[in-house]
Amino acid sequence: MSVRRSSVQELLRSQELEREVVVKGWVRTRRGNKYVQFIAVNDGSGFNSIQVVANAEQFPEEQLKADGVENGAAVAVRGQLVASQGKGQTVEIQATEITVLGKADPTEYPLQKKGHSLEFLREIAHLRPRTNTFGAVLRIRHAMAFAVHQFFNDQGFFYVHTPIITGSDAEGAGQMFRVTTLPEQNPPLTEDKSAVDYKQDFFGKQTNLTVSGQLEGEIAALALGKVYTFGPTFRAENSNTARHLAEFWMIEPEVAFNDLQDNMDLAEDFLRYLVRYALENCQDDLKFLNEQYDKELLGRLQFVVDNDFQRLNYTEAVGILKSAKQKFEFPVDWGTDLQSEHERYLVEKHFKKPVILINYPKDIKAFYMKLNDDNQTVRAMDVLFPGIGEIIGGSEREESLEKLTKRMAEMNVPEHELWWYLELRKYGTAPHSGFGLGFERLVLFVTGMANIRDVIPFPRFPKSAEF
RNA sequence: GCUUCCUUAGCUCAGCCGGUUAGAGCAUCUGACUGUUAAUCAGAGGGUCCCUGGUUCGAGCCCAGGAGGGAGCGCCA
């Protein structure tokens, strides 16, 4: 009779002992002596591995080695699930059959039992998911993605899919990657030969990869009420920092009839929900990251769950920064955007908690943000987190057709490309608000990792698209 | 894109003021050990000192250029 394969996590939690089980996974370590061998097997189902005990009478060490039961090999193990005789684990498998499914030559296999830098692991992105660190990060990443959908679903939001390929380059959120099927050599030119003729391209116009689903999200919000997007997003800036990727995932809720206050409440509830979800559902993985990388991680996550975010106006923030004793590399002036060092001072030194800054000067924010009555500021909202900086950027949107077209003219945003966006203000316009959350920045915060390239399986950044 | 630091064994790193044959821990291999927890102990093998050129009696070390990587900044989520 064949026994169905169990996951390692299932067996580690099992109360049902003295039964035959089968596990399949990868060998993390093999150790022991000429009488008994211990093989830690991990199948990725959770942080912990299960200990397989192999007695020498049946499994001499030389035989195990010759068969390839070594660090990194894929194995299938059949045996009895029993209470552990040793300390450090409650159950273990007394092996009766060990089959090597795929060898990993120990003299060549790059992952060893000790000491790998994150930089080295980045160069072997095809193998790094097998490490404790990346297993933990990827499981937490999954949990966060799941929690995003759960949060919005529970609150009556609808998940909308906004396009990956977009036809407008007027979104103003940065440099874009071009999408074309025109030949690289001698593309068709316009009649006066002054430019490439995109009328002959696949879509009949110039197209790019999306930098934001917001404008399309607004369409959906003004029909379905509460919506969110969660999809890949592309920025072609030559940006080289530990907080930027050329391809990342962004979550953008958009809610009809929400004002800026509602928007702040939503952002705060959302972030706190996600962090609490991680604390409750990713304990083993977070404990490891806390011990290995960042001793203050768990404390910091708990702090976010327990405390309200500090909310204040941009103008007030400028006042605080101007009277700060700390010297800044860049001067603080009303009307200029805050630098990273200013944001960090507010979050990490002054308030020592997450900060929501609102009502920024209109000249440093996007055209679609709602103008305040002072005619100087817009209803923008940035959520600033310790170590991360801006984790969320959002706003109440300008719902007045007249004011919106005026802002677009001032900022040289061509109306004809966004005719559909303007019609939303022409037909049944309504107040509405939304924001964008960079998913990897969330994962960065929750895992305590230092570099955003280590919280996405296959990072894309300038000069790097291997794997 | 700017600034700055780094590149020495499979991995992590030391290498003095420029001076004989370049070292350690881990990994690998050989042996020891009856329950280990990144097992331990003894021994062995393992090097294009990132590349190219230069200075020098002599370069891992100094100089120039190139490549790769990190950090900070800018841009942003």
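Residues numbered from 1 in each chain as written. Chains lettered and ligands numbered in written order. Predicted model: local features only at pLDDT ≥ 70, side-chain atom pairs only at ≥ 80, totals over all residues. Heavy atoms only, no water.

> How do you make sense of the overall build of chain A when you look at a structure like this?
Counting its regular elements, chain A contains 13 helices and 16 strands. Dimensions of chain A, computed from the C-alpha atoms along their principal axes, are close to 85 × 60 × 45 Å. Counting every position in chain A, which comprises 467 residues, the buried fraction comes to 49%. Excluding contacts between residues fewer than 6 apart, the proportion of contacts in chain A whose partners are at least 24 apart in sequence is 67%. Only carbon and sulfur atoms are counted for the fraction: they give 49% of the accessible area of chain A, which is about 23,400 Å². Considering chain A, the positive charge centre built from 54 side chains and the negative charge centre built from 66 side chains are found 5 Å apart. (Helix = DSSP H or I, 4+ residues; strand = E, 2+ residues; numbered from the N terminus. Buried < 20%, exposed > 50% of the residue type's maximum accessible area, 1.4 Å probe, protein only. Contact = heavy atoms within 4.5 Å. Areas by Shrake-Rupley, 256 points an atom, 1.4 Å probe, with all protein chains shown as cover. Lys, Arg positive; Asp, Glu negative; His and termini not counted. Charge placed at Lys NZ, Arg CZ, Asp CG, Glu CD.)

> Could you clarify how one ought to interpret the domain arrangement of chain A in this entry?
It is common to report an interface's size as the accessible area lost on association of the parts. Segmenting chain A into domains produces domain 1 (8–102) and domain 2 (130–176 + 211–454). In this assembly, 8 residues from domain 1 lie in contact with 7 residues from domain 2. With both sides pooled, the region where domain 1 packs onto domain 2 buries about 630 Å², and carbon together with sulfur makes up 44% of that total. Across the domain 1-domain 2 interface, the total number found is 0 salt bridges. At the boundary of domain 1 with domain 2, the tally comes to 5 residue pairs in polar contact (both at pLDDT 80 or more). For the side of domain 1 that touches domain 2, the per-class residue count stands at 2 nonpolar, 5 polar and 1 charged. (Domains from an automatic or database assignment. Buried area = accessible area lost by both parts, 1.4 Å probe. Salt bridge = Lys/Arg side-chain N within 4 Å of Asp/Glu carboxyl O. Polar contact = N/O pair within 3.5 Å; in protein donor to acceptor, adjacent residues only side chain to side chain. Nonpolar A, V, L, I, M, F, W, Y, C, P; charged D, E, K, R; others polar.)

> Please clarify how the pattern of salt bridges should be interpreted in this entry.
Proximity of charged atoms lets side chains of opposite charge pair with each other. Under the definition given, this model contains 23 salt bridges. For E399, the salt bridge is made with K370, and the minimal N-O distance between the two is 3.0 Å. Of this pair, E399 sits in the loop between β15 (389–396) and α11 (401–410) while K370 sits in the loop between β13 (355–361) and β14 (377–385); the two residues are 29 residues apart in sequence, bridging distant segments of the chain. Of the two residues, E399 and K370, both sit in the buried class. A salt bridge links E396 to R379; the shortest N-O distance between them is 3.2 Å. Of the two residues, E396 is situated in strand β15 and R379 in strand β14; the sequence distance between them amounts to 17 residues.

> Whenever I open this one, the packing of helix α6 (residues 260–281) against helix α13 (residues 439–447) confuses me. Can you help?
In the contact formed by α6 and α13, the axes pass within 11 Å of each other and the chain directions differ by 45°. Considering the angle they form, α6 stands oblique to α13. You can see that α6 and α13 cross each other, and the crossing is right-handed. Contacts between α6 and α13 involve L271, L274, V275 and A278 on the former and, on the latter, L442, F445 and V446. (Axes fitted to C-alpha atoms, helices over the stretch in contact; angles between N-to-C directions. Parallel < 35°, antiparallel > 145°, perpendicular 65-115°, else oblique. Left-handed = near helix turned anticlockwise from the far one by under 90°.)

> Honestly, the packing of aromatic side chains in this entry has me stumped. Any pointers?
Given two aromatic rings, one states the distance between the centres and the angle between the planes to describe the pair. On inspection of all chains with the given rule, the structure shows 22 aromatic pairs. A centroid spacing of 5.3 Å and a plane angle of 75° characterise the contact between F151 and F152, whose relative ring orientation is edge-to-face. Each of the two residues, F151 as well as F152, counts as buried. Ring geometry for W420 versus Y421: centroids 6.2 Å apart, planes at 85°, classification edge-to-face. On the basis of relative accessibility, which here comes to 22%, the residue W420 falls in the partly exposed class. In textbook terms, an aromatic cluster arises when at least three aromatic residues are bridged by ring pairs, as seen for F146, F151, F152, F157, Y159, Y228, F270, Y273, Y277 and F435. For the cation-ring pair, K365 lies above Y360, with the distance from its terminal atom to the ring centre recorded as 4.2 Å. Geometry around Y421 places R425 over its ring, the cationic atom sitting 4.1 Å from the centre. (Phe/Tyr/Trp six-rings, centres within 6.5 Å; stacked < 30°, edge-to-face > 60°. Lys NZ or Arg CZ within 6 Å of the ring centre and 35° of its normal.)

> Please clarify how the sheet that holds β14 should be interpreted in this entry.
Either a parallel or an antiparallel arrangement is found when strands of a sheet pair, and the pairing is made through backbone hydrogen bonds. Taken together, 8 strands build an open sheet; the order of strands is β6-β10-β11-β16-β15-β14-β13-β12 and the sheet is mixed. Looking at the sheet topology across the chains shown, the edges are occupied by β6 (158–159) and β12 (310–313). In the sheet, β12 pairs with β13 via 4 bridges, with the strands oriented parallel. Opposite L312, over in β13, you have L357 as the bridge partner. (Pairing = 2+ DSSP bridges.)

> Explanation requested: helix α5 (residues 214–224) in the structure shown.
A turn of α-helix holds 3.6 residues, and therefore any two residues three or four places apart point the same way. Looking only at α5, the buried set comprises Q214, L215, E216, G217, E218, A220 and A221. Those residues of α5 hidden inside the fold are in contact with β7 (165–166), β10 (226–234), β11 (247–256), α12 (419–426) and β16 (432–438). Trailing α5 by a residue or two, G225 shows a phi angle of about 90°, which is positive.

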